[in-house]
Every structure is written in structure tokens, then in C-alpha cells.
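Working through the structure, step by step
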Amino acid sequence: MKLQICLLVLLCQLLGAPVRAADPLAPAAEPASGEKIDTEKSKTDKIDTANDDTRKFGRPFTVELPSGWQVSELNAPKPNSNRELAGGRMRALKNDADGMAAIEFTYLNREDAGQANIDSEFSAFVTNIKSEYEKNGLKVSTTETKKASLGALSSSEVEITVVGQNKEMKQWFAMALGKKYVYALSYTAEKQNYDRFEPAFAKCKASLTVE
């Protein structure tokens, strides 16, 4: 599996924009029927692997999601082959009178026998993202890729701005490679709300621990 293929699908979903969608800048949609793993956990702000119930689902992470946001646990995004992948997603959605924003953390089982390189994978991912949106007539700009850390792992991060008809969205995105999993964290919001919700995201990012 090419890591960037699955992560491309992730970003498109967060922007409400499946690769073939007609409206790539629609707000993030609710998960499809049957996609939530556990209804009670979807109401919980803090997901912690120390709990026996969470161990059952094999989460290799802990994270504290913003209080008051709608939290859902979703299946892993599918690559273009449409086959199931080991892993999953946690999504926190803010969608009310204050505006729309989403935080999503994804973990996927590595199938590259340890051969993937974060620099080349991330560069290919960003290139593919720009290409897909430009094919849909959207204007895309990115900041320079930065080296940082994600849950104590070395990571690459970038900010992406997508401009469509009467709508502009910004996304911060980071990816890291662990021994067993590839991890991706993103924060997406309408441009006018990006700074307003960023402190909640910063707190969430700081709480993240991964294997």
C-alpha cells in the first residue's frame, strides 16, 4: 500500500471532498451508517488505551479531544482499492452557530516492512493533494514542510489552504511513522474560524501519545 493514497482519502474526507465529489468544500459529513464502532465511546471526550474496553479495540494511542465537540470513532479510510485496512480514526467535530472545525487522528497498520521514508512519503502526499484539488478547479497553496514531532515521534507537517466558490478552508496536517503504525493528525476549519478554534486543537495535540 502506498501510504499517501490512504492519507489523500483522509484529507478529502475532512474537507467533505471525496476525490470524485462534486462539492469538495462542503462541511465534513456525519459518518455513514454502521461506521461508528461504539455509540457510548462516541460520546466520550477522552479516549485512553489504559482502559480495558479501549484495549479491546487495539488503539495504540491516547488523546484528549476538545470538550463539547461531537466525538466519533470511525473505521480506517479506504484506499482506492476499497479494501479494508487495519487501523481507525477518531474525529472531533465542531459544527454549530460558532462555526465549523474538525480534528481527526488516524492510525494505520504499516504494510511497508519498515521501508517507507517519512520525507518521501509526505512529499508525495502533498504533491498528490495539490494535484487532485487542482483537477477540480480549486486553488491550493501550501506552506513549506516543517520537521516537528507528533506524540514524541519525528513528523512532517504542513498547512494547506483550499479556495473554492465562495469558500476557503485551511488545514494543518502532520504525519509520523511508528514501528507498527503510520499516524496522521489534522485540524481543519473555515478560514475565518481557524484561529478561533486553534487553541482547542493545540491542547489536543499536546495530549497525544503514541506507541
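In what follows, the structure referred to is the one given above.
Throughout, a residue's number is its position along its own chain's written sequence, starting from 1. Totals for whole chains, interfaces and linings use all residues, but because this is a predicted model, local features are given only for residues with pLDDT of at least 70 and pairs of side-chain atoms are given and counted only at 80 or more. Each side-chain value is worked out from all heavy atoms of the structure, with water and hydrogens disregarded.

Note on aromatic pairs: the rings of Phe, Tyr and Trp (six-membered ring only in Trp) are paired at centre separations within 6.5 Å, and the planes decide the class, stacked below 30 degrees, edge-to-face beyond 60, tilted for the rest. Within the structure shown, the criterion is met by twelve aromatic pairs. Both rings, one in F61 and one in Y107, keep their centres 5.3 Å apart while their planes meet at 55°; by these two values the pair is tilted. Here F61 is found in strand β2 (residues 61–64), whereas its partner Y107 is found in strand β5 (residues 99–109), with 46 residues between them in sequence. For the exposure calls, accessible area comes from a 1.4 Å probe over protein chains only, and a residue counts as buried if that area is under 20% of its type's maximum, exposed if over 50%, partly exposed in between. Take F61: its relative accessible area is 1%, and that puts it in the buried class. Here the aromatic rings of Y187 and Y194 are separated by 4.8 Å at their centres, their planes lie at 45°, and the arrangement is tilted. Note on accessibility: Y187 and Y194 belong to one class, buried. Three or more aromatic residues joined by ring pairs make a cluster, and in this case those are F61, F105, Y107, Y181 and Y183. Strands here are runs of E lasting at least two residues and helices are runs of H or I lasting at least four, both read from the DSSP assignment and numbered beginning at the N terminus.

Before going further, it helps to examine the nonpolar core. In this structure, F61, I103, F105, Y183 and Y187 are the most contacted members of the largest nonpolar core, which totals 27 residues. Those elements that place two or more of their residues in this core are β2, β4 (87–96), β5, β9 (167–177), β10 (181–190) and α4 (194–207). Counting residues per element, this core draws most heavily on β10, at five residues. The criterion used for residue contact is that any of the two residues' heavy atoms lie within 4.5 Å. Once you skip the residues sitting within four places of it in the chain, Y187 turns out to touch A101, A102, I103, K170, Q171, W172, N193, Y194, F197, E198 and F201. Here, the term nonpolar core denotes a set of buried Ala, Val, Leu, Ile, Met, Phe, Trp, Tyr and Cys residues that are joined through side-chain atoms within 4.5 Å.

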